[in-house]
Amino acid sequence: MRLSAYFLPTLKENPTEAQIVSHRYMLRAGMIRQATSGIYSWLPMGLKVLRKVEQIIREEQNRAGAQEILMPTIQPADLWRKSGRYDDYGKEMLRIEDRHGRDMLYGPTNEEMVTEIFANAVKSYKDLPKNLYHIQWKFRDEVRPRFGVMRGREFFMKDAYSFDIDFEASKAAYNRMFVSYLRTFERLGLRAIPMAADTGPIGGDLSHEFIILADTGESEVFCHSDFLEKASPSADVDYSGDLQPIVDDWTSIYAATDEMYVKEDFEGSVPEDKRMQCRGIEVGHIFHFGTKYSEPMGAYVLNSEGENVPVFMGSYGIGVSRLLGAIIEASHDENGIIWPEAVAPYQVGLINLKAKDEACAKACDDLYQKFNAAGVDCLYDDRDTSAGAKFKDMDLIGLPWQMVIGPRGLKNGVVELKNRKTGEKEELTLEAALSKLGL
């Protein structure tokens with residue numbers, strides 16, 4: 001993409017309404033714009049990253065055996081009355097009425113709807129297990145939305161729901177999602193620590209939050225420092241096998257948010273030199289809640305003995321849009337964002353230092369075509385503006401690599417290659433620079 005044609009409304013100054021780093025940089029880098037309190041439009045750069053994050057999540061859900069569906073954003077209130085949550089949910093639920101006077105709502109979550117879908121279709125244990133997920137917009141009318149996409153009212157979310165014949169089978173489904181989440185966050189370039197969590201309004205008696213460490217996190221967390229070096233499950237993990245040893249390994253050392261923290265347990269189980277007390281951001285949450293929804297909503301199946309029994313369920317959420325803010329909070333410097341390569345909007349930023357110089361323009365145009373032919377996502381800064389402005393914008397948007405071409409370098413047969421994460425700059429021949437990029 002040529003930057004001269006790209007819709008990238010960057011800002012030089014920090015917006016006054018942005019209180020945390022991710023909100024400031026997402027606005028300044030032209031990724032989002034606020035429509036109204038807690039609701040944002042996603043501009044080309046932001047949407048490109050959002051789709052990359054979404055795709056990684058989708059791939060790992062599919063690998064773990066979940067099947068993608070798509071449920072509507074607007075739900076009938078009667079479903080929630082059936083489960084007993086319509087009146088209990090509170091003012092965070094946006095309640096509306098259609099033209100026929102029917103009570104509706106903008107879905108904050110989908111336990112009721114997916115249980116209804118399942119209950120109308122599955123009647124026998126022979127059709128189990130099932131895990132259905134979707135990636136969809138949701139709405140919760142936060143009393144005080146803040147921190148940009150980290151705590152908005154409208155948000156993009158992956159939520160999955162498992163259905164099993166009994167507790168043991170549903171625990172195996174829970175473990176599959178636990179391991180899938182470790183793999184997902186690893187691929188996103190994040191170290192997410194599973195922590196025992198309060199089940200809250202979702203219900204149930206087994207729950208884990210996945211927390212990444214960041215100075216601006218909303219939760220205080222207490223954990224063992226060994227988590228920072230712990231190896232995530234490998235890409236060839238067998239989801240059909242027994243995953244309990246992996247779950248046991250990741251839950252065998254102490255990790256808790258302030259809500260679940262017990263000082264005596266922390267100090268008694270973690271050596272003093274291994275204790276970490278810091279801030280964290282929730283990026284995923286998984287719940288096992290048994291028959292909490294299946295019983296009131298009639299999700300029963302015939303078991304092997306011919307008895308009609310309620311299925312055991314779990315739900316598994318990842319805040320897709322929230323993840324962008326979390327990644328930035330965990331990966332930035334004073335100059336801007338530092339995107340992990342897996343989710344970067346473009347792999348390379350190609351900078352023409354002198355757009356009106358014929359030799360520079362030809363060299364950059366040829367290289368841009370070469371990147372396109374090789375399938376490399378390249379953002380080509382062909383604007384007729386100062387070198388300083390180009391460098392600042394490239395650092396702000398945080399692409400993994402910057403390749404700089406100018407008249408002096410061309411004369412000497414070299415280009416400058418900068419690694420955004422390390423800040424390291426090298427003058428290399430074009431061939432050597434392309435080789436370093438894997439081309």
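Shown above is the structure to which this text applies.
Our subject in this report is the structure included herewith. (Residues numbered from 1 in each chain as written. Predicted model: local features only at pLDDT ≥ 70, side-chain atom pairs only at ≥ 80, totals over all residues. Heavy atoms only, no water.)

Here we take up the packing of helix 5 (residues 167–187) against helix 6 (residues 244–251). Between helix 5 and helix 6, whose axes approach to 9 Å, the crossing angle comes to 60°. The angle between the axes of helix 5 and helix 6 places the two elements in the oblique class. When the axes of helix 5 and helix 6 are compared, the crossing they make is left-handed. Residues K171, N175, F178, V179 and L182 of helix 5 form the contact with helix 6, whose own contacting residues are Q244, I246, V247, W250 and T251. Looking at the contact of helix 5 with helix 6, its residues break down into six nonpolar, three polar and one charged. (Axes fitted to C-alpha atoms, helices over the stretch in contact; angles between N-to-C directions. Helix = DSSP H or I, 4+ residues; strand = E, 2+ residues; numbered from the N terminus. Parallel < 35°, antiparallel > 145°, perpendicular 65-115°, else oblique. Left-handed = near helix turned anticlockwise from the far one by under 90°. Contact = heavy atoms within 4.5 Å. Nonpolar A, V, L, I, M, F, W, Y, C, P; charged D, E, K, R; others polar.)

Counting 78 residues, the largest nonpolar core has M31, V53 and F185 as the members making the most contacts within it. Here this core takes eight residues from helix 5, the largest share from any one element. Not counting chain neighbours up to four residues away, the residues in contact with F185 comprise L190, A192, F210, V283, G284, I318 and L323. Grouped together as the second largest cluster of nonpolar side chains are 25 residues, L105, V122, L132 and Y293 included. (Core = buried A, V, L, I, M, F, W, Y, C linked by side-chain atoms within 4.5 Å. Buried < 20%, exposed > 50% of the residue type's maximum accessible area, 1.4 Å probe, protein only.)

Before going further, it helps to examine the pattern of salt bridges. Two side chains with opposite charge may pair up if their charged atoms get near one another. Considering all chains together, one arrives at 32 salt bridges under this definition. A salt bridge links D333 to R420, with the nearest nitrogen and oxygen atoms 2.8 Å apart. Taken as a pair, D333 in strand 17 (residues 332–333) and R420 in the loop between strand 22 (415–419) and strand 23 (425–428) lie far apart in primary sequence, 87 residues in all. (Salt bridge = Lys/Arg side-chain N within 4 Å of Asp/Glu carboxyl O.)

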